[in-house]
Every structure is written in C-alpha cells, then in structure tokens.
Amino acid sequence: MALRSAAAVAPRSLRRLITGTSSRTLPIISQAIWDWEKLESSTNAFVSGRLFSSTSISSFIPPPLPPSAQQREKPEPSTNLFVSGLSKRTTTEKLNEAFAKFGEVVHARVVTDRVTGYSKGFGFVKYATLEDAAKGIEGMDGKFLDGWVIFAEYARPRPPPEHHSAPPHSQRPY
DNA sequence: GTTGAGCGTT
C-alpha cells in the first residue's frame with residue numbers, strides 16, 4: 001500500500017506514525033503535517049525576513065528531548081539487534097535468513113507469546129561482530145519483510161539475570 | 001489469528 005511505501009522512505013521519527021496509522025486516521029495525520037509545515041514556513045519567514053509577529057513562535061517549538069528520550073533515539077551499539085514491525089507470520093527462520101545477507105548471524109529469534117505461541121511482532125538478531133550488526137541495520141532497517149516495513153536497531157542490554165541464591169542480609173540461625 | 005507499541009521462553 002502507498003502508506004507503507006511512504007514509511008520506507010520517511011524520516012525515522014515519522015515511520016512509526018505512518019505504519020501505525022490506519023486509513024481512518026490518515027486525514028488527521030495529514031492535517032497535522034500540513035499545519036506543522038505551515039508553522040515552519042512562517043517561522044522561516046520570521047527569522048530570515050525579519051518580520052514581526054504578535055504570536056510567540058517559541059511556544060510552538062518542541063522543548064529539547066530529555067536524556068531518556070535521546071537514549072531511545074540513539075541506543076548503544078551492540079552485536080544484538082532489536083527488530084520490530086514484523087509480520088505476525090514471520091518466523092525465526094525467515095528473520096535469520098533475511099539478516100544473514102548482511103553478516104554472520106549467530107542467533108535470531110522471533111518473540112512469541114508463551115501461551116498462544118503466536119509471534120508478538122518483534123524479535124532479536126545477534127551478529128558475530130559489531131561491524132556485521134551495523135551492516136544489518138543499514139541493510140534491513142526500513143525495509144520490507146513479509147509485506148511489512150520492519151525496524152532494526154541496537155537492542156537494549158538485557159536486565160541482569162536474577163540470582164535467587166543468597167540474600168544480602170541473610171540471617172542464619174546459630 | 002490480528003495491520004499492532006514494543007526490548008525476549010533460553
């Protein structure tokens with residue numbers, strides 16, 4: 001569909017918006033984008049043309065992103081990739097196969113619901129080297145897999161395993 | 001048995 005083709009070439013910040021947009025809500029999004037472009041052009045006129053305005057443009061400019069949000073946009077490089085936007089029909093094998101074209105995949109997994117066994121629509125791909133991982137992102141991020149635009153980025157480090165052995169302040173009876 | 005935000009069953 002045209003919407004998904006647009007997603008493949010859209011700036012990263014817009015991709016999720018586009019792929020998560022049904023045709024019902026598209027007019028609303030289009031209106032919002034049109035409004036934003038209008039605002040941007042008026043901002044440019046204000047700056048370069050030295051025009052005066054009674055409205056405060058600065059109130060419309062988004063504040064700088066907090067550190068937590070920046071973390072989301074620029075994850076730490078890793079050999080492990082988080083892949084989202086997967087078709088629910090995409091299997092671990094297909095995932096492995098697609099990413100293996102760009103480097104040595106040592107592990108790949110589509111995450112499935114434990115009880116139903118169905119895909120949750122995302123997965124992980126682990127490459128042998130950081131270089132391969134970077135090539136994997138370059139080669140697969142924003143590309144189609146089983147008809148869906150997928151997103152490949154560095155996976156966040158997994159939470160450390162819970163050691164259930166010795167409590168820090170364990171009291172033992174004498 | 002999906003049009004969907006997300007960071008995982010060893």
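Above this text sits the structure in question.
Here goes a summary of the coordinates provided. A quick note: this is a predicted structure, and the numbers were derived from the prediction, not measured.

Focus on the pattern of salt bridges
Line of reasoning, step 1. This structure, assessed with the given rule, holds two salt bridges.
Line of reasoning, step 2. Of the charged contacts in the structure, one is a salt bridge between Asp146 and Lys94, with a shortest N-O distance of 2.7 Å. With a gap of 52 residues between them, Asp146 in the loop between β4 (144-145) and β5 (148-149) and Lys94 in helix α5 (residues 92-99) connect regions that are remote in the sequence.
Line of reasoning, step 3. Look at Lys94 and you get partly exposed, because its relative accessible area is 31%.
Line of reasoning, step 4. The closest approach of N and O atoms between Lys135 and Asp132, which form a salt bridge, is 3.7 Å. With Lys135 and Asp132 both in helix α6 (residues 130-140) and three residues apart, the pair spans about one turn of that helix.
Line of reasoning, step 5. Of the residues examined, Asp132 reaches a relative accessible area of 12% and is grouped as buried.

Rules and cut-offs
- Residues numbered from 1 in each chain as written.
- Chains lettered and ligands numbered in written order.
- Predicted model: local features only at pLDDT ≥ 70, side-chain atom pairs only at ≥ 80, totals over all residues.
- Heavy atoms only, no water.
- Salt bridge = Lys/Arg side-chain N within 4 Å of Asp/Glu carboxyl O.
- Helix = DSSP H or I, 4+ residues; strand = E, 2+ residues; numbered from the N terminus.
- Buried < 20%, exposed > 50% of the residue type's maximum accessible area, 1.4 Å probe, protein only.

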